[in-house]
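In case you want the letters, here they are:
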Number of protein chains: 2
Amino acid sequence: MNIVLLSGGSGKRLWPLSNDIRSKQFIKIFKKEDGTLESMVQRVYGQIREVDPQATVTIATSKSQVSAIHNQLGQDVGICVEPCRRDTFPAIALATAYLHDVKGIPLEESVVVCPVDPYVEEDYFRVVEQLGQQALKGQANLVLMGIQPTYPSEKYGYIIPRTQDPVSEVETFKEKPDAETAQKYIDQGALWNGGVFAYKVGYLLDKAHQLIDFTDYQDLFDKYEKLEKISFDYAVVEKETKIQVMRFAGQWKDLGTWNTLTEAMEDPCIGEGMLNDTCQNVHVINELSVPILCMGLKDVIVSASAEGILVSDKEQSSYIKPFVDKIDQQIMFAEKSWGSFRVLDVEDESLTIKVTLHAGHGMNYHSHQYRDEVWTVIAGEGRTVVDGIEKKVKVGDVITMPAGCRHTIFADTELQLIEVQLGKEISVQDKQKYELER
Amino acid sequence: MNIVLLSGGSGKRLWPLSNDIRSKQFIKIFKKEDGTLESMVQRVYGQIREVDPQATVTIATSKSQVSAIHNQLGQDVGICVEPCRRDTFPAIALATAYLHDVKGIPLEESVVVCPVDPYVEEDYFRVVEQLGQQALKGQANLVLMGIQPTYPSEKYGYIIPRTQDPVSEVETFKEKPDAETAQKYIDQGALWNGGVFAYKVGYLLDKAHQLIDFTDYQDLFDKYEKLEKISFDYAVVEKETKIQVMRFAGQWKDLGTWNTLTEAMEDPCIGEGMLNDTCQNVHVINELSVPILCMGLKDVIVSASAEGILVSDKEQSSYIKPFVDKIDQQIMFAEKSWGSFRVLDVEDESLTIKVTLHAGHGMNYHSHQYRDEVWTVIAGEGRTVVDGIEKKVKVGDVITMPAGCRHTIFADTELQLIEVQLGKEISVQDKQKYELER
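Report follows, based on the coordinates. Source: prediction; values computed, not measured.

1. A look at the sheet that holds strand E18 (residues 298-305) of chain B
Here we have 6 strands laid out as an open sheet, ordered E15(A)-E17(A)-E19(B)-E18(B)-E16(B)-E14(B), and mixed in their pairing. Each end of this open sheet is capped by a strand with a single partner; those strands are strand E15 (273-275) of chain A together with strand E14 (269-270) of chain B.

As structure tokens, then:
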């Protein structure tokens, strides 16, 4: 099977664990059989591999997620990077062109597009696989997954099938209704639209060429920024008459809010947390290194990270976005392809951070105009280059870099250092990169 | 007036703001008229000074609180340090001997003893002053304050006065009763025993000499560790027949739990906190530098410090102690006479801390056997001495100190540094102090 996972943008609805640079699909909260934790993207990727070890998995995403995806899934996963956000139709067109032109998938093969973040079991991906097989038959140009509703939700679109067969033609689509209308749809046999659909590569590329003037993947990539923002539903689904829906009646949860996310947690606490006996339906996700003690709470989520602390009634937590939008804050932690950094201390004229470099990785060779820096290596071994001179470094070594000095560090083993930045104008913008002559 | 404030030990009931090394009376949570915050001890000290600018105030406390008291009240306040904890009778005897032998207070003057942490207004200290004047009259050997009860509390002892006059002889004392019995006492005109009492210096020293074999303050101090633990109530009050009680009907609150403490907070948030509209009776005290967002909570206290985070129903918060006892944790922040330190990062073989030195203060001259250290000065100016050699230091200077090297730093202005400790066995015990030859 060829599967495209749409890995959406940064969301604030799971603040403080998700934010401008960290998306919910990378938060490790699901317990594996061996007791370790995995993220949504790791869970979904593993489930696909379990159902079809030969599947070609391509993640359609933005540049900002590439490091996190490689860190969590390894280097082998296919990634189709959108140069910028242009809604779902351009993203799916780009991913399909990538599959055809870069990966060599023939026009007559099928592709299934699926969000990266449903909370499901393997039966879901077996139906995903059947969706692809159904598309191959050519009875319809699009085959959608229709999820058997469990309650009259106002959060989803509905698909009305023509028959109650496992695979049926689509009678019509309905936008997100109110609960009463949703119940009427369900009584008529309607299904939730979970955003999963299959098509043949050739069909989609034809549609893309009709709407966008491009030659191949690279040309589409180069033009991407100039494309109109248009949704796949608007550009394709609403205009298509040959559409089928395939039923799925297994477990399917949308983990977009703290309320639904905590339902999927096996233990009440991730990280250091204590709940007393009088707590009911309380979940703690604690990424800090200090304990959280909860007493006498009911239906509450407590989540703490280097960015902040949320304490919320679970129902109320779905209204979080406008409050988080008000928080204008320095990024305190970030995962990068080369490792990670954590801000330890912020003063008017200094900033202290802890940098972790993965073995074999290094920083860019760079300088700062307005700040001096001091590195103290606290773990590992590596090599620094300062103004062109390379030196081996180990634990306890101190490197001082006045403003203007060009510098970098490579990790030969996993390496950690404390970086103290000193200056009146400390800013992430104050960075000049150079090619390293070696 | 001569007043002795009993400043009790570290309590865990206000964790994470109070802990083994930080007592609740030093937490800054009360808003002053100028908008800044003050602690219980600052508030009480200011109120006494307002009522009687000439008052001799002596704080009876343990060695561990001396730095915090000087930092918060300045150098002029009298402190009578107990060499160890020996309950209230030895503490009051020591403080009274200190007042007579060190401060020269004559035997016929009176002293009022008062806890350091009641939440009161100035009228309370006017009654405290009257207590001292009443003791001078010699009608009784002890004059107690009786607080007009506002509800049948089970938390306090009760005083039954002989008459309903403003000053009356004491008929009898009652131990902490159940609520029903408490109501009966109140119906009989009983008063709360708030632990405030006045006596003449000579009276108390006579009592002390009857029970303890000592010559003067210094002798008592030297013998202190060998003294029997005995309460003032047991040693003196229960055996005394000439006791009066003076009524106080003003505001008096015991801020020993988060529930009562938050009642005294003027604003719902201290530190960075946001409450949405659906929060009711929620208080946030946040000493961290990241925001706390609360949504849909009712009757909840959220308190965050470098030591941990408490999220508790206010009623439930009074049961906190056994849970905090279970938390065995490195001290993450401490206030010292010379400044403060905060732990920024803990790894197996490194520890990174931020040290703040007040102007004019320095560390002890010391060395470590098992760890190297690196200082990076991030604010201020001062002087280091490393293996006997003194150097001026300023922002950006880096000082490296291998294990065994003797070192110290003095702050000429307020000075901050990042200290990285490196070694396989990092421990606070690994410290050898030396005299500095200058």
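2. What to know about empty space enclosed by the protein
According to the stated counting rule, one finds 2 cavities of 30 Å³ or more in the structure shown. Size it by volume and the largest cavity reaches roughly 50 Å³. If you trace the largest cavity, you find it lined by Arg22, Glu287, Ser305, Ala306, Glu307, Phe333 and Arg342 of chain A. In the lining of the largest cavity, the residues fall into 2 nonpolar, 1 polar and 4 charged. Considering only enclosed or pocket space, the second largest cavity measures out at about 40 Å³ in volume. Along the walls of the second largest cavity sit Arg22, Glu287, Ser305, Ala306, Glu307, Phe333 and Arg342 of chain B, which together make up its complete lining. Among the residues forming the lining of the second largest cavity, the class breakdown is 2 nonpolar, 1 polar and 4 charged.

3. A few points about the interface of chain A and chain B
In this complex, chain A contributes 50 residues to the contact, which on the side of chain B involves 50 residues. Ranking the residues of chain A by area buried against chain B places Leu293, Met295 and Ile309 of chain A at the top, with a combined share of 17%. Counting the contacts that link chain A with chain B gives 4 salt bridges. In this structure, Lys354 of chain A engages Asp345 of chain B in a salt bridge whose closest nitrogen and oxygen atoms are separated by 2.8 Å. Taken together, the links from chain A to chain B amount to 20 residue pairs in polar contact (both at pLDDT 80 or more). Here the side of chain A that touches chain B gets 6 residues from one element, more than from any other, and that element is strand E19 (residues 308-313) of chain A. Its residues placed into classes, the side of chain A that touches chain B shows 31 nonpolar, 13 polar and 6 charged. Taken together, the 4 bridges between E19 of chain A and strand E17 (residues 292-295) of chain B define a ladder with parallel strand orientation. The residue bridging Val311 of chain A from the neighbouring strand is Cys294 of chain B, located in E17 of chain B.

4. Things to note about helix H4 (residues 122-137) of chain A
Residue and element names in this part refer to chain A. Here H4 is 16 residues long and its end C-alpha atoms lie 24 Å apart, about the 22 Å a rise of 1.5 Å per residue gives. Among the residues of H4, Tyr124, Phe125, Val127, Val128, Leu131, Gly132, Gln134 and Ala135 are the ones counted as buried. Buried residues in H4, looked at end-on, bunch into an arc of 165 degrees, giving them a common side.

5. Section: the sheet that holds strand E24 (residues 372-379) of chain A
All names here are of chain A. Strand order across the open sheet formed by 6 strands is E20-E21-E22-E29-E24-E27, with antiparallel pairing between neighbours. With one partner strand each, in any of the chains shown, strand E20 (333-336) and strand E27 (398-401) form the two edges of the open sheet. Adjacent strand axes in the sheet meet at a mean angle of 20 degrees when their direction is disregarded. Note that E24 and E27 share 4 bridges and pair antiparallel. Bridge pairing in E27 places Trp375 opposite Ile399.

Conventions adopted
Residues numbered from 1 in each chain as written. Chains lettered and ligands numbered in written order. Predicted model: local features only at pLDDT ≥ 70, side-chain atom pairs only at ≥ 80, totals over all residues. Heavy atoms only, no water. Pairing = 2+ DSSP bridges. Helix = DSSP H or I, 4+ residues; strand = E, 2+ residues; numbered from the N terminus. 1 Å grid on protein atoms, 1.4 Å probe; cavity = no way out; pocket = protein on both sides within 12 Å on 5 of 7 lines; lining within 4 Å. Points joined across faces, edges and corners; volume = space filled by probe spheres on them. Nonpolar A, V, L, I, M, F, W, Y, C, P; charged D, E, K, R; others polar. Contact = heavy atoms within 4.5 Å. Buried area = accessible area lost by both parts, 1.4 Å probe. Salt bridge = Lys/Arg side-chain N within 4 Å of Asp/Glu carboxyl O. Polar contact = N/O pair within 3.5 Å; in protein donor to acceptor, adjacent residues only side chain to side chain. Expected span 1.5 Å × (residues − 1). Buried < 20%, exposed > 50% of the residue type's maximum accessible area, 1.4 Å probe, protein only. Arc of directions from axis to C-beta. Axes fitted to C-alpha atoms, helices over the stretch in contact; angles between N-to-C directions.

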